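Chain and residue survey
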Amino acid sequence: MTHAIITGASSGIGEALARAFAAAGYSLTLVARRQAELQALADSLDVPCHVVPHDLSDPAHAADFIDAARAALGPIDVLINNAGMQVIGRTDEVDLDACERSIRLNLLTPLRLTRAVLPEMKARGSGTIVDVASMAALAPTPGMAWYSASKAGLAGASDAIRAELMGTGVHVVTVYPGIIGETDMGGKGLTRYKPTLALKLQPQGTTAELSKRVLNAVTKRRDRVIYPSFNISARHFPGLTRWVMDRFSPELVDEPT
Ligand SMILES: NC(=O)c1ccc[n+]([C@@H]2O[C@H](COP(=O)([O-])OP(=O)(O)OC[C@H]3O[C@@H](n4cnc5c(N)ncnc54)[C@H](OP(=O)(O)O)[C@@H]3O)[C@@H](O)[C@H]2O)c1
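The structure contained in this document is the topic of the report that follows. (Residues numbered from 1 in each chain as written. Predicted model: local features only at pLDDT ≥ 70, side-chain atom pairs only at ≥ 80, totals over all residues. Heavy atoms only, no water.)

**A short note on the site of the ligand**
Here is the rule we go by: In these notes, residues near a molecule or strand are those with any non-hydrogen atom within 4 Å of it. We call two N or O atoms a polar contact when they sit within 3.5 Å, provided that within protein one can donate a hydrogen and the other can accept it, with sequence-adjacent residues counted only if both atoms are side-chain atoms. Methods summary: accessible areas were calculated by the Shrake-Rupley approach with a probe of 1.4 Å, and residue burial reflects only the protein chains presented. Secondary structure elements follow DSSP: runs of H or I no shorter than four residues count as helices, runs of E no shorter than two count as strands, and numbering proceeds from the N terminus.
Within the structure, the ligand sits among 30 residues, and Arg 33, Arg 34, Asn 82, Tyr 147 and Thr 183 are positioned closest to it. Measuring from an oxygen atom of the ligand, one finds a backbone N or O atom of Gly 8 at 3.0 Å. Asp 55 has a polar side-chain atom sitting 2.9 Å from a nitrogen atom of the ligand. Taking 880 Å² as the accessible area of the ligand by itself, protein coverage stands at 93%. Residue assignment for the shell around the ligand shows that the elements contributing at least two residues are helix 1 (12-23), helix 6 (145-164) and helix 7 (184-190).

Here it is in structure tokens:
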């Protein structure tokens, strides 16, 4: 049975990825802090699951669970770096501790986990790393300076590693979700911006469709998932994207108290 590790599987996109990969017959290592949510998800799936309650915001200990995951479910075929957090706020007002935690969780930990699983993947000549970045990597967003930096960093590393691994049999998929408003993060994010026409016109995606596309990219060894597809032009026309972002990004509103 193929074995996928999914970080941030306790809700949102990670939970939907777990359901999609389980339906495709993968055994799963599910990682996040909320054990009860992970266990409930594992109990609802018809595949072997290894539940790992683990805080991934300390990169030095991020990979501590990997040996036990391998012992429980065998060699790791797919690593999905999905866990993430977002700080939204004016850059001169944001909580620096939370911002630095976001860089560790969104950027440093995925690189550490990749470092931990790559040797065995290269030795076997197969395996896939999936990095869940964000459209904020392609369209850095006012009010999300640290988040945009973390996701641009992850997407850049993801491209670099894919190129480095060419010919090894190990593949890298970079995922750029746009607004997925049904998740905790997506829903909260939307409340922090003025609901301008430009924001309302942005198509939103669903976790189910995104997960289907990620599974398809892993199976067919595609390099990227940009979803909703409306956003694909941002990758090909970065100058135009910057122009649109500078003129049409909605203003921040204060956090609801
Ligand atoms: N929703 C969107 O619009 C959107 C758009 C672009 C990119 N993304 C990216 O998609 C990924 C999933 O986000 P989502 O929308 O599904 O949000 P979500 O429902 O809030 O999920 C975030 C996941 O990350 C886990 N997590 C957070 N802090 C953690 C920590 N310190 N250690 C371990 N796990 C941690 C959470 O689990 P615990 O709280 O149980 O630890 C949860 O499972 C993130 O990387 C996000 O940046 C989302």
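**Considerations on the pattern of salt bridges**
Should their charged atoms come close, side chains of opposite charge can pair. Definition in use: The salt bridge definition used is simple: a Lys or Arg side-chain nitrogen within 4 Å of an Asp or Glu carboxyl oxygen. The classification of residues rests on relative accessible area computed with a 1.4 Å probe and restricted to protein chains. Under 20% of the type maximum is buried, over 50% is exposed, and intermediate values are partly exposed.
Applying the stated rule across the entire model yields 15 salt bridges. Note that Asp 254 is salt-bridged to Arg 90, the shortest N-O span being 3.1 Å. Remark: Arg 90 occurs in the loop between strand 4 (78-81) and helix 5 (96-124) and Asp 254 occurs in the segment after helix 11 (238-248); sequence separation between them is 164 residues. A relative accessible area of 29% means that Arg 90 is categorised as partly exposed. For the salt bridge of Arg 124 with Glu 120, the shortest nitrogen-to-oxygen distance reads 2.9 Å. Linking Arg 124 with Glu 120, this pair stays in helix 5, spanning four residues, or about one helical turn. Accessibility expressed as a relative area gives 34% for Arg 124, which makes it partly exposed. Glu 120 sits in the buried class, given a relative accessible area of 15%. Ionic contacts of the salt-bridge type, sharing partners, join the residues Asp 67, Arg 70, Asp 77, Glu 120 and Arg 124 into one network.

**Comments concerning the pairing of strand 6 (residues 170-177)**
The following threshold applies: Note on pairing: two strands pair once DSSP finds at least 2 bridges between them. By convention, a crossover is right-handed whenever its connection, traced from the first strand over the helix to the second and viewed with the strands pointing away, goes clockwise.
The element strand 6 is extensively covered by neighbouring structure, given that eight of its eight residues are classed as buried. Residues Val 170, Val 172, Thr 174 and Tyr 176 of strand 6 are buried on one face, and the alternating residues His 171, Val 173, Val 175 and Pro 177, pointing to the opposite face, are buried as well. Relative to strand 6, strand 5 (residues 127-132) runs parallel, the two sharing six bridges. Note on strand 6: the bridge partner recorded for Asp 131 is Thr 174. Between strand 5 and its parallel partner strand 6, the chain crosses via helix 6, and the hand of that crossover is right-handed.

**Digging into the packing of aromatic side chains**
Rules: When two rings of Phe, Tyr or Trp (its six-membered ring) have centres within 6.5 Å they constitute a pair, described as stacked for plane angles under 30 degrees, edge-to-face for angles over 60, and tilted for the intermediate range.
Under the criterion given, the structure shown has two aromatic pairs. Judged by centre distance (4.9 Å) and plane angle (65°), the rings of Phe 21 and Tyr 26 are edge-to-face. Relative to Phe 248, the ring of Trp 243 lies with its centre 6.2 Å away and its plane at 70°, an arrangement referred to as edge-to-face.

**A look at the sheet that holds strand 3 (residues 49-53)**
We count it as follows: Only the contacting stretch of a helix is used when fitting its axis, a line to C-alpha atoms as for every element, and angles between N-to-C directions run 0 to 180 degrees. Any two residues whose heavy atoms approach within 4.5 Å are treated as being in contact.
If you walk across this open sheet you meet the seven strands as 3-2-1-4-5-6-7, and the pairing is parallel. Two strands bound the open sheet, and with one partner strand each, they are strand 3 and strand 7 (224-227). Strand-to-strand twist of the sheet, defined as the mean angle between neighbouring strand axes without regard to direction, takes the value 10°. Direction of pairing for strand 2 (residues 27-32) relative to strand 3: parallel, over a ladder of five bridges. Its bridge partner lying in strand 3, Thr 29 is registered against His 50. On top of the sheet, helix 4 (residues 66-73) reaches strand 1 (3-7), strand 2 and strand 3; it is set at about 160° to strand 3, its chief contact. In the packing of helix 9 (residues 207-220) onto the sheet, the strands contacted are strand 4, strand 5, strand 6 and strand 7, and the crossing angle to strand 7 comes to about 160°.

**Overview of empty space enclosed by the protein**
To be explicit about the condition: Within this scheme a cavity is a closed region of a 1 Å grid, computed over the protein atoms alone, that accommodates a 1.4 Å probe without allowing it to escape, whereas a pocket is open but has protein on both sides within 12 Å along at least five of seven lines; lining residues each have an atom within 4 Å of a point. Grid points are joined across faces, edges and corners, and a volume is the space filled by probe spheres set on the points. In the scheme used here, Gly and all other residues not listed as nonpolar or charged are polar, with Ala, Val, Leu, Ile, Met, Phe, Trp, Tyr, Cys and Pro taken as nonpolar and Asp, Glu, Lys and Arg as charged.
Per the counting criterion, the structure on display carries two cavities of 30 Å³ or more. Here the largest cavity is characterised by a volume of approximately 40 Å³. Residue lining of the largest cavity: Val 87, Gly 89, Thr 91, Val 94, Cys 99, Gly 143, Met 144, Ala 145, Trp 146 and Tyr 147, and that is the complete set. Each residue belonging to the lining of the largest cavity can be placed in one class, and the counts come to seven nonpolar, three polar and no charged. When its volume is computed, the second largest cavity comes out at roughly 30 Å³. Taken together, Thr 7, Leu 56, Asn 81, Asn 82, Ala 83, Leu 105, Thr 109, Pro 110 and Leu 113 make up the full set of residues lining the second largest cavity. It is helix 5 that provides the largest number of residues to the lining of the second largest cavity, a total of four residues. For the lining of the second largest cavity, the per-class residue count stands at five nonpolar, four polar and no charged.

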